[in-house]
Amino acid sequence: GRAAAAKLESMNVHTCGDVQMMSPAELQSAFGPALGLQFASMARGEDPKETHFDVRRHLAGRPRTMQSDVNWGVRMSTKAEAEGLIDDICKHLADRLQEDDPP
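Residues numbered from 1 in each chain as written. Predicted model: local features only at pLDDT ≥ 70, side-chain atom pairs only at ≥ 80, totals over all residues. Heavy atoms only, no water.

Participant: Any chance you could explain unusual backbone geometry here in plain terms?
Facilitator: Most of the time, phi is negative for any residue but glycine, and the peptide bond is trans. Its identity as a non-glycine residue notwithstanding, Asn12 has a phi of 65 degrees, on the positive side. Tracing the backbone through its elements, the reader meets Asn12 in the loop between α1 (2-10) and α2 (16-20). (Helix = DSSP H or I, 4+ residues; strand = E, 2+ residues; numbered from the N terminus.)

In structure tokens form, the structure reads like this:
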């Protein structure tokens, strides 16, 4: 949040690398036990949360969400081009839903 960002700024900490250079004890002293440890873990790519497998989704055989990847290197110059891209994405997802729909 804003307060933590301001505190990091005042400590001359600007990047994850800067956070990695700090000990968990330093971070806990500055931000409290829980948030300090969370910052230390996140900066090191560690996630202590358990991973849960959604059995209901697996048993149903169908995903509950769908996505469509778009290359954001594409630049549109008009609103009509942007609307056309959104139309194409919607059509693509609609087609996929029809394919995945059980008989």
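Having seen the structure, we can now continue with the description.
Participant: Explanation requested: the packing of aromatic side chains in the structure shown.
Facilitator: Aromatic rings considered in pairs are described by the distance between their centres and by the relative angle of their planes. As enumerated under the stated definition, the model contains one aromatic pair in all. Aromatic side chains Phe31 and Phe39 sit 5.1 Å apart centroid to centroid with 80 degrees between the ring planes, which places their arrangement in the edge-to-face category. Across the ring face of Phe31, the terminal group of Lys7 is positioned such that the distance to the ring centre comes to 5.6 Å. (Phe/Tyr/Trp six-rings, centres within 6.5 Å; stacked < 30°, edge-to-face > 60°. Lys NZ or Arg CZ within 6 Å of the ring centre and 35° of its normal.)

Participant: I'm lost on the nonpolar core in this one. Help?
Facilitator: Core analysis: the largest hydrophobic core is formed by eleven residues, namely Ala4, Leu8, Val13, Val19, Met22, Leu27, Ala30, Phe31, Phe39, Ala40 and Ala43. Of all elements in the fold, only α1, α3 (24-31) and α4 (33-43) reach the threshold of two or more residues within this core. Setting aside residues up to four positions removed in sequence, Ala43 forms contacts with Cys16, Val19 and Gln20. (Core = buried A, V, L, I, M, F, W, Y, C linked by side-chain atoms within 4.5 Å. Buried < 20%, exposed > 50% of the residue type's maximum accessible area, 1.4 Å probe, protein only. Contact = heavy atoms within 4.5 Å.)

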